[in-house]
Amino acid sequence: EDDEEKKLRIDFYMEAECPGCKSFTTSVLTDALNALAPHIQLRAIPYGNAQINGTRIRCQHGEGECEGNRIMLCMFKQYPHWKTWFPPFKCIEESSKPPRNVTRKCLSDNGLDVDAVLSCADGEEGHLLHLEAAEETTSLSPPHAFTPWVLVNGNPIKSKVMDLVSILCSKLPPKVTKDVDACHPEFSVAHASELAPGPQFCYP
């Protein structure tokens with residue numbers, strides 16, 4: 001579409017088992033996508049605060065998180081449009097169980113090919129995708145200070161992640177936002193993010 005250029009780009013640097021990433025995904029990010037989906041391009045980059053030694057990756061919350069990161073990366077590769085991958089991604093992030101344990105249900109409930117995603121995640125391709133996510137995350141300038149680390153049109157919003165909706169609204173023309181209730185919170189009903197606690201961050 002020729003209006004892809006005008007869309008707001010959200011780059012979400014995260015890790016599969018970070019509590020702050022989970023609460024951000026299921027509240028603020030979900031609200032933003034519900035309110036402004038036609039105006040958003042979304043990417044998620046699961047690596048976060050992991051550490052790399054040669055080609056070996058150690059994830060902040062253990063091997064289960066590394067596995068979750070690879071599952072997500074394989075899902076993004078096989079289903080590039082966020083409208084397809086976000087529902088199973090949110091389902092994985094909503095669960096208190098390790099990503100591996102909920103992947104089959106989350107993906108199949110949303111019509112994705114679980115076996116194709118898992119065979120990628122468990123193989124060389126999943127590892128290479130994780131290394132690419134590591135390279136992208138560690139090359140950020142300025143570097144990420146915590147997760148969730150969110151860029152809007154290439155600029156980090158830092159600790160203002162809970163204000164994502166108002167930040168997005170401020171970057172869209174009034175002709176777009178005038179009919180979006182979430183851009184006029186004084187008139188809107190409570191959203192999931194209003195019920196969520198303040199920001200939680202996972203620091204490196």
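Given the structure is predicted, the values throughout are model-derived calculations rather than measurements. (Residues numbered from 1 in each chain as written. Predicted model: local features only at pLDDT ≥ 70, side-chain atom pairs only at ≥ 80, totals over all residues. Heavy atoms only, no water.)

**Student:** Sorry, what's going on with helix H3 (residues 82–94) here?
**Tutor:** Residues lying three or four places apart along an α-helix face the same way, a consequence of the helix completing one turn every 3.6 residues. The end-to-end C-alpha distance of H3 is 17 Å, a good match for the 18 Å that 13 residues give at a rise of 1.5 Å each. Of all the residues in H3, the buried ones are Trp82, Trp85, Phe86, Pro88, Phe89, Ile92 and Glu93. (Helix = DSSP H or I, 4+ residues; strand = E, 2+ residues; numbered from the N terminus. Expected span 1.5 Å × (residues − 1). Buried < 20%, exposed > 50% of the residue type's maximum accessible area, 1.4 Å probe, protein only.)

**Student:** Teacher, can you tell me more about the pairing of strand S1 (residues 8–14) here?
**Tutor:** In terms of burial, S1 is a largely internal element, six of the seven residues being buried. For S1 and strand S2 (residues 40–46), the ladder comprises seven bridges, and the chain directions are parallel. Across the sheet, the residue bridging to aspartate 11 is arginine 43, located in S2. Regarding topology, helix H1 (residues 19–36) serves as the crossover connection from S1 to the parallel S2, and that connection is right-handed. Relative to strand S5 (residues 149–152), S1 runs antiparallel, the two being bridged by four bridges. Counterpart to tyrosine 13 in the pairing with S5 is tryptophan 149. (Pairing = 2+ DSSP bridges. Right-handed = clockwise from strand over helix to strand, strands pointing away.)

**Student:** Looking at this structure, how should I read the packing of aromatic side chains?
**Tutor:** Two aromatic rings are characterised by how far apart their centres lie and by the angle between their planes. Inspection of the entire model under this criterion finds eleven aromatic pairs. A ring pair is formed by tryptophan 85 and phenylalanine 86, whose centres lie 6.3 Å apart and whose planes are at 55 degrees; its orientation type is tilted. Here the aromatic rings of phenylalanine 146 and phenylalanine 201 are separated by 4.0 Å at their centres, their planes lie at 35 degrees, and the arrangement is tilted. Highlighted residues: phenylalanine 146 in the loop between helix H6 (124–138) and S5 and phenylalanine 201 in the segment after helix H9 (192–195), separated in sequence by 55 residues. (Phe/Tyr/Trp six-rings, centres within 6.5 Å; stacked < 30°, edge-to-face > 60°.)

Everything listed here is a matter of geometry and, on its own, says nothing about what the molecule does.
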